[in-house]
Amino acid sequence: EPEVTQTPSHQVTQMGQEVILRCVPISNHLYFYWYRQILGQKVEFLVSFYNNEISEKSEIFDDQFSVERPDGSNFTLKIRSTKLEDSAMYFCASSPGLEQYFGPGTRLTVT
Amino acid sequence: AQKITQTQPGMFVQEKEAVTLDCTYDTSDQSYGLFWYKQPSSGEMIFLIYQGSYDEQNATEGRYSLNFQKARKSANLVISASQLGDSAMYFCAMREGLSGNTPLVFGKGTRLSVIA
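Residues numbered from 1 in each chain as written. Chains lettered and ligands numbered in written order. Predicted model: local features only at pLDDT ≥ 70, side-chain atom pairs only at ≥ 80, totals over all residues. Heavy atoms only, no water.

1. Focus on the pairing of strand β5 (residues 44-50) of chain A
Residue and element names in this part refer to chain A.
Now for step 1: Summarising burial for β5: five of the seven residues are buried, a large majority.
Now for step 2: Where strand β4 (residues 31-37) lies against β5, six bridges are found, and the strand directions are antiparallel. Across the sheet, residue Tyr33 finds its bridge partner in β5, namely Ser48.
Now for step 3: Taken together, β4 and the strand that follows it, β5, pair antiparallel across an intervening segment of six residues, in which Gly40 is found at a positive phi of about 80°.
Now for step 4: In this sheet, strand β6 (residues 53-57) lies alongside β5 in antiparallel orientation, the contact comprising four bridges. Its bridge partner lying in β6, Val47 is registered against Lys57. (Buried < 20%, exposed > 50% of the residue type's maximum accessible area, 1.4 Å probe, protein only. Helix = DSSP H or I, 4+ residues; strand = E, 2+ residues; numbered from the N terminus. Pairing = 2+ DSSP bridges.)

2. Concerning the interface of chain A and chain B
Now for step 1: Taken together, the contact between chain A and chain B spans 22 residues of the former and 21 residues of the latter.
Now for step 2: Together chain A and chain B conceal approximately 1,700 Å² of surface at their shared face, both sides included; 58% is due to carbon and sulfur atoms.
Now for step 3: Of all residues in chain A, Lys42, Leu98 and Phe102 of chain A bury the most surface against chain B, accounting for 32% of the area lost on that side.
Now for step 4: Linking chain A with chain B are zero salt bridges, by the criterion used here.
Now for step 5: Counting the contacts that link chain A with chain B gives five residue pairs in polar contact (both at pLDDT 80 or more). (Contact = heavy atoms within 4.5 Å. Buried area = accessible area lost by both parts, 1.4 Å probe. Salt bridge = Lys/Arg side-chain N within 4 Å of Asp/Glu carboxyl O. Polar contact = N/O pair within 3.5 Å; in protein donor to acceptor, adjacent residues only side chain to side chain.)

3. Re the packing of aromatic side chains
What describes a pair of aromatic rings is the distance from one ring centre to the other and the angle between the planes of the rings.
Now for step 1: Applying the stated criterion across every chain yields a total of 19 aromatic pairs over all chains.
Now for step 2: The interplanar angle of 50° and the centroid separation of 5.1 Å between the aromatic rings of Tyr25 of chain B and Tyr32 of chain B together place this pair among those described as tilted. Accessibility classification places Tyr25 of chain B together with Tyr32 of chain B in one group, the buried group.
Now for step 3: Put simply, the rings of Tyr33, Tyr35, Phe45, Phe91, Tyr101 and Phe102 of chain A together with Phe35, Tyr37, Phe47, Tyr50, Phe91 and Phe106 of chain B touch in pairs and so form one group of aromatic residues. (Phe/Tyr/Trp six-rings, centres within 6.5 Å; stacked < 30°, edge-to-face > 60°.)

4. Some details on the side chain of Thr110 of chain B
Now for step 1: Examined against the element boundaries, Thr110 of chain B turns out to sit in strand β12 (residues 110-115).
Now for step 2: Engagement of the side chain of Thr110 of chain B in a polar contact is seen with the backbone oxygen of Gln8 of chain B, the distance being 2.6 Å.

5. A look at the sheet that holds strand β3 (residues 19-24) of chain A
All names here are of chain A.
Now for step 1: In spatial order, the strands read β1-β3-β8-β7; together these four strands make up an open sheet with antiparallel pairing. Every interior strand has two partners, whereas the edge strands, β1 (5-7) and β7 (65-68), have only one. Within the sheet, the average angular offset between the axes of one strand and its neighbour, ignoring direction, is 20°.
Now for step 2: Relative to strand β8 (residues 75-79), β3 is paired through five bridges, and the arrangement is antiparallel. (Axes fitted to C-alpha atoms, helices over the stretch in contact; angles between N-to-C directions.)

6. Details of the pattern of salt bridges
Now for step 1: Taken as a whole and assessed by the stated rule, the structure comprises three salt bridges over all chains.
Now for step 2: Here Glu44 of chain A ties to Arg36 of chain A by a salt bridge, and the two come within 3.3 Å at their closest N and O atoms.
Now for step 3: We classify Arg36 of chain A as buried; its relative accessible area is 10%.
Now for step 4: Close ionic contact of Lys3 of chain B with Glu96 of chain B constitutes a salt bridge, the shortest N to O distance being 3.1 Å. Taken together, the residues Lys3 of chain B in the segment before β1 (4-5) and Glu96 of chain B in strand β10 (residues 88-96) connect sequence positions 93 residues apart.
Now for step 5: Residue Glu96 of chain B is classed as partly exposed on the basis of its relative accessible area, which comes to 23%.

See the structure below:
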């Protein structure tokens, strides 16, 4: 059964460094999303992406964040200059239209 | 204001028993979708079940069913014949509108523990 994949599973970075989180959505899906979950808290929406552009973004998704779909398969989230409060699990999700399927997540730790 | 409310931070259930996890939602949209996800200790988010606002019948997927009461704005998850592997966090989520772009809004979750 096709699934969303994410790499790396864990990333440790120093404050101020750039990180790129990678996702491969399910191949025939049209809509892509990034969410994050700070430890012990609920899942929060960051950004949605459709037809090669951002559809919607939350207040969290400020100028430090960017997304790209550089080729037909990958979907990336870049954090330009990480802060301690960016430490969280980052989930990529893809959707054919209604239900959203999540990847296993990347745990980002900023030290 | 909270759009999704899960009032049970934690629940216990005996193996093989049924359990209901509560979820209420708040929206003024006529078109919306309700979702339940399971998050085991390994951290991944597993899609369980979906109910559309126009669906007249309650959704079912194997041992999972969604008790949808539109007038009360509730979408409770019922797990029948609980198994030890059902121990996890369970999140209720809603999407307003039915276009693919709209994001999911999650509740704070309920931690279910199944006891042998």
